[in-house]
Amino acid sequence: LEGMVLGPDDQPYEGAIVEVSTNPPRRATTAADGVFAFDGLLARSYRLVALAAAGVAGPVTARLGAKTDPVILHLRAGATLDVTVLGPDARPYDGATVELRGNERTSATATGGHATFSPVVPGFYEVVASAPALAPASRRLRVAGHASVQLVLAAGAAVSGRVVDERGAPVKGARVVAAGSGQLRRRPDPLGDAAVTGPDGVWRFAALPAG
């Protein structure tokens, strides 16, 4: 799957980061001629976005087949998202991991309880904050222009278990997700929210909220 990123002046743009919606997502950096390429992909539809200092492009959907035309991505002004993370005491929490999930997937560490994502491809995102021994917090919102969101981490309890097959043997590499019964609209992300079983089939969440 090949293509080119053009800057706001419609000239080839070097150094843009292009992400393709494989599992897990893959990234490529454009060359001096603005060209990017991903090899070894299955024939199906993929979503592409580009991030650069000059702006963002996409999302664009491309269908990969026996013959696929190059994908052209035009950079435009991006959005900005400011995230405030509070601890159980309602004070800014330093060092929390903040994830942005949607048209792009990226993460940052909150400094003094604050993290900023820029530029961001406009669209709908889930923002997730997590920290050791605390239950993660999340919020879904639309990011356009300049947006802000506040997340509050709560005290949580560790939960663990074991996955076995029909013979009772441990299953390694299984992904276990937890969904609160009162959060039916939120579907856990099997990539970012899962606890993965070890060789003994054991999985563990360091902290889940009461419920």
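Residues numbered from 1 in each chain as written. Predicted model: local features only at pLDDT ≥ 70, side-chain atom pairs only at ≥ 80, totals over all residues. Heavy atoms only, no water.

(A) Spotlight on the overall build of the protein. Check the secondary structure of the protein and you find zero helices and 19 strands. Projecting the C-alpha coordinates of the protein onto the three principal axes gives extents of approximately 55 × 50 × 25 Å. When burial is assessed residue by residue, the protein has 37% of its 211 residues classed as buried. Counting only contacts in the protein whose residues sit at least 6 apart along the sequence, the fraction spanning at least 24 positions is 50%. In the form shown here, the protein has an accessible surface area of approximately 11600 Å², with 51% of it arising from carbon and sulfur atoms. (Helix = DSSP H or I, 4+ residues; strand = E, 2+ residues; numbered from the N terminus. Buried < 20%, exposed > 50% of the residue type's maximum accessible area, 1.4 Å probe, protein only. Contact = heavy atoms within 4.5 Å. Areas by Shrake-Rupley, 256 points an atom, 1.4 Å probe, with all protein chains shown as cover.)

(B) View of the environment of Leu 51. Assignment of secondary structure puts Leu 51 in strand S5 (residues 45–52). When the C-alpha positions of Leu 51 and Val 120 are compared, they lie 7.7 Å apart, and in sequence the two are 69 residues distant. Not counting the four nearest positions on each side in its chain, Leu 51 is found in contact with Ala 16, Ile 17, Arg 27, Val 56, Glu 104, Pro 119 and Val 121.

(C) Representation of the sheet that holds strand S9 (residues 97–101). In space, the five strands of this open sheet follow the order S10-S9-S12-S13-S15, with antiparallel pairing throughout. Strand pairing shows two members of the sheet lacking a second neighbour, strand S10 (105–109) and strand S15 (154–155), which therefore form its edges. Sheet analysis places strand S12 (residues 123–131) next to strand S13 (residues 134–143), joined by eight bridges and oriented antiparallel. Each bridged residue has a counterpart across the sheet, and for Val 127 the counterpart in S13 is Arg 139. (Pairing = 2+ DSSP bridges.)

(D) Quick peek at the pairing of strand S8 (residues 79–86). Burial of S8 is extensive: six of the eight residues sit out of reach of the surface. As paired elements, S8 and strand S11 (residues 114–120) share five bridges and run antiparallel to each other. Bridge pairing links Asp 82 to Thr 116 in S11.

(E) Just the confidence of the model for the protein, in detail. Scored by pLDDT, the protein comes out at a mean of 91, with 98% of its residues at no less than 70. Averaged pLDDT values for the elements of the protein fall to 90 in S10 and rise to 96 in strand S4 (residues 35–37). (pLDDT = per-residue confidence, 0-100.)

(F) Inspection of the pattern of salt bridges at higher detail. All chains considered together, the criterion is met by seven salt bridges. In this structure, Arg 27 engages Glu 19 in a salt bridge whose closest nitrogen and oxygen atoms are separated by 2.8 Å. One salt bridge in this structure joins Asp 165 and Arg 167, with 3.2 Å as the shortest N-O distance. We classify Arg 167 as exposed; its relative accessible area is 65%. (Salt bridge = Lys/Arg side-chain N within 4 Å of Asp/Glu carboxyl O.)

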